[in-house]
Amino acid sequence: MSVKILALVGSLRSGSHNRQLAEAARSLAPSDVEIEIFDGLGDLPFYNEDIDTEADVPAAATRLRDVAGAADAFLLFAPEYNGTIPAVLKNAIDWLSRPFGAAALSGKPTAVIGTAFGQYGGVWAQDEARKSAGIAGAAIVDEVKLSIPGSMTRFAETHPADDSEVVEQLTTAIAKLTANVSA
């Protein structure tokens, strides 16, 4: 059985350490696990129920929902912006929470991890992302927690894929998330 995990990165910055963390996760995934990093969160308009109609759904939202619908699980990468979840990630969760009763996020195992500059590695943002995704219907995998502090210095000259501690923690996180798909 092959498992498809959709990764949503809450930073749009080209050199984002969370993007690098997602790339590391993708490269560490076992052969029966495919991690797709979604590009296009910056193209999503802010969620507005007035445009979330059959006739008006923006193409970017349709694309996100289609890719998410084909996923077995979600891995959210949440940096911390001013002590909370980045708007782009919250907006993606909002789009994936609809249509009510048939949302792509509904019931699917979802884990939230990430890295941030601060000493706690984005814990507040990750907690908020878990809360938001859970309310939106995702099956939050609480045993998967990875908050890497000091991203600006830790990854200044090293990609997360080259950090043995991060590699071990990511590998464990992927295994735990994947186990929840087959559970």
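Scoring rules and cut-offs
- Residues numbered from 1 in each chain as written.
- Predicted model: local features only at pLDDT ≥ 70, side-chain atom pairs only at ≥ 80, totals over all residues.
- Heavy atoms only, no water.
- Pairing = 2+ DSSP bridges.
- Helix = DSSP H or I, 4+ residues; strand = E, 2+ residues; numbered from the N terminus.
- Axes fitted to C-alpha atoms, helices over the stretch in contact; angles between N-to-C directions.
- Salt bridge = Lys/Arg side-chain N within 4 Å of Asp/Glu carboxyl O.
- Parallel < 35°, antiparallel > 145°, perpendicular 65-115°, else oblique.
- Left-handed = near helix turned anticlockwise from the far one by under 90°.
- Contact = heavy atoms within 4.5 Å.
- Core = buried A, V, L, I, M, F, W, Y, C linked by side-chain atoms within 4.5 Å.
- Buried < 20%, exposed > 50% of the residue type's maximum accessible area, 1.4 Å probe, protein only.
- Right-handed = clockwise from strand over helix to strand, strands pointing away.

Chemist: What am I meant to see in the sheet that holds strand E2 (residues 33-37) here?
Modeler: Within a sheet, each strand pairs with its neighbour through backbone hydrogen bonds, oriented either parallel or antiparallel. With parallel pairing, the five strands of this open sheet are ordered in space as E2-E1-E3-E4-E5. In the strand order of this sheet, the two ends are held by E2 and strand E5 (139-148), each with one partner. Between one strand axis and the next, the sheet turns by 20° as a mean value, whatever way the strands run. With six bridges joining them, strand E4 (residues 109-115) and E5 adopt parallel strand pairing.

Chemist: Just checking my understanding: could you explain the pattern of salt bridges for this structure?
Modeler: Close approach of charged atoms lets side chains of opposite charge pair. This structure, assessed with the given rule, holds seven salt bridges. For Arg 19, the salt bridge is made with Asp 39, and the minimal N-O distance between the two is 2.5 Å. In this pair, Arg 19 is assigned in helix H1 (residues 17-28) and Asp 39 in the loop between E2 and helix H2 (59-69), connecting sequence segments 20 residues apart. Put simply, Arg 154 and Asp 163 hold a salt bridge, and the shortest N to O gap is 2.8 Å. Through salt bridges with shared partners, a single ionic network connects Arg 19, Glu 23 and Asp 39.

Chemist: What is the right way to read the packing of helix H3 (residues 87-96) against helix H4 (residues 123-135) from this model?
Modeler: The geometry of H3 relative to H4 is characterised by a closest axis approach of 9 Å and an angle of 15° between their N-to-C directions. Between H3 and H4, the interaxial angle falls into the category roughly parallel. The way H3 lies across H4 gives a crossing that is right-handed. For the pair H3 and H4, the contacting residues are Leu 89, Lys 90 and Ile 93 in the first and Ala 129, Ser 132 and Ala 133 in the second.

Chemist: Which parts of the structure should I look at to understand the nonpolar core?
Modeler: Generally speaking, a soluble globular protein has its nonpolar side chains buried in company with each other. Counting residues in each nonpolar core, the largest one holds 28 residues, and the members touching the most others are Ile 5, Ile 35, Leu 75, Phe 77 and Leu 170. Of all the secondary-structure elements, those providing two or more residues to this core are strand E1 (3-9), H1, E2, strand E3 (73-77), E4, E5 and helix H6 (164-182). The element contributing the most residues to this core is H6, with six residues.

Chemist: What am I meant to see in the pairing of E2 here?
Modeler: Covered by surrounding structure in E2 are Val 33, Ile 35 and Ile 37 only, the residues Glu 34 and Glu 36 on the alternate face being uncovered. Handedness of the E1-H1-E2 crossover: right-handed.

Chemist: How do you make sense of the pairing of E3 when you look at a structure like this?
Modeler: Where a strand is regular, its side chains alternate between the two sheet faces. The element E3 is largely enclosed, with a buried count of five among its five residues. By the alternation rule, side chains of E3 split into Ala 73, Leu 75 and Phe 77 and Phe 74 and Leu 76, which are all buried. With five bridges joining them, E1 and E3 adopt parallel strand pairing. In the sheet register, Leu 8 faces E3, and the bridge partner there is Leu 76. Where E3 meets E4, four bridges bridge the pair, whose relative direction is parallel. Bridge pairing in E4 places Leu 76 opposite Val 112. Following the chain from E3 across H3 to the adjacent parallel E4, one finds a crossover that is right-handed.

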